[in-house]
Amino acid sequence: MKKTVFLCGFMGCGKTTVGKVAAKMLGMELVDLDEYIEQQEKTSIPVIFSTKGEEYFRSCERKAIGQFEGKSAVVATGGGAMLSRENYETAKKAGRVIFIDTDFETCYSRIKDDPHRPIAYNSTKQQLKERFEQRRKLYQQHSDITLDGSLSPVQIASEIKKAAMGCMN
């Protein structure tokens, strides 16, 4: 049975970077969920947010997550994808959800000037820190495993491989 590994965590925690390494180790495809949604919607995330709103974007995430059931991939989700219990339950049916727990200052240094991240780009550091603290609890609740984001990408990917191999049986 094929299983998908969903990586979750705050913006800038390393989901895509670690996901590339983990996908290679597992012999799976890496899918960046935001890029996947952009392809499906034929427009960028900032445009989706500005023209259709965050609620519409979240519905696109739900639909996209459901499309991975029965597939084998490493999916780097967006920072808000696993905030929803419904998304977590859908992802859990398809495989395993892994939270990369990276500290706020590291995440902030990676996202603070990125216009492709509408929430980060339009928020103050304090607003992002508050969002980080709220989201961290939900990531913990809506994941099967929490990994230390301060480890190197190779170390984190090795832990993901161990976790993924456990759910492949």
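This structure is a prediction, so every number in the text was calculated from the model and none was measured.

Caption draft 1: Spotlight on the overall build of the protein. Assigned secondary structure in the protein consists of eight helices and five strands. Tracing the protein from N to C terminus, the helices and strands come up as β-α-β-α-α-β-α-β-α-α-α-β-α. Taking 2.2 N^0.38 as the reference for a compact globule, 169 residues should give roughly 15 Å; the C-alpha atoms of the protein span a radius of gyration of 15 Å, in line with that estimate. For the C-alpha atoms alone, the extent of the protein along its principal axes is close to 45 × 35 × 25 Å. Within the protein, buried positions represent 46% of all 169 residues. When contacts within the protein are restricted to residue pairs at least 6 apart in sequence, long-range pairs at least 24 apart make up 78% of them. Carbon and sulfur atoms make up 47% of the accessible area of the protein, which amounts to about 8,500 Å² in all. Between the mean site of the 26 positive side-chain charges and the mean site of the 22 negative ones, the protein shows a separation of 4 Å.

Caption draft 2: Just the environment of Glu 35, in detail. Tracing the backbone through its elements, the reader meets Glu 35 in helix α2 (residues 33-41). Glu 35 sits 43 residues away from Gly 78 along the chain, and the two C-alpha atoms are 9.5 Å apart.

Caption draft 3: Local environment of the environment of Ala 23. Within the secondary structure, Ala 23 sits in helix α1 (residues 15-26). For Ala 23, a relative accessible area of 4% corresponds to the buried category. Taking the C-alpha atoms as reference points, Ala 23 and Ser 44, 21 residues apart in sequence, are found 24 Å from one another. Among residues more than four places away in sequence, those in contact with Ala 23 are Met 28, Glu 29, Leu 30 and Val 74.

Caption draft 4: Looking closely at helix α4 (residues 85-94). For α4, every residue scored as buried is listed here: Asn 87, Tyr 88, Ala 91 and Ala 94. End-on view of α4: buried residues confined to an arc of 120°, all on one side of the axis. Exposed positions of α4 whose direction lies more than 90 degrees from the buried face are Glu 86 and Lys 93. Packing partners of the buried residues in α4 comprise β1 (4-8), α3 (45-66), β4 (95-101) and α7 (125-141). One side-chain oxygen at the N-terminal end of α4 lies 3.1 Å from the backbone nitrogen of Glu 86; it belongs to Ser 84.

Rules behind the numbers
- Residues numbered from 1 in each chain as written.
- Predicted model: local features only at pLDDT ≥ 70, side-chain atom pairs only at ≥ 80, totals over all residues.
- Heavy atoms only, no water.
- Helix = DSSP H or I, 4+ residues; strand = E, 2+ residues; numbered from the N terminus.
- Rg over C-alpha atoms; globule rule 2.2 N^0.38 Å.
- Buried < 20%, exposed > 50% of the residue type's maximum accessible area, 1.4 Å probe, protein only.
- Contact = heavy atoms within 4.5 Å.
- Areas by Shrake-Rupley, 256 points an atom, 1.4 Å probe, with all protein chains shown as cover.
- Lys, Arg positive; Asp, Glu negative; His and termini not counted.
- Charge placed at Lys NZ, Arg CZ, Asp CG, Glu CD.
- Arc of directions from axis to C-beta.
- Polar contact = N/O pair within 3.5 Å; in protein donor to acceptor, adjacent residues only side chain to side chain.

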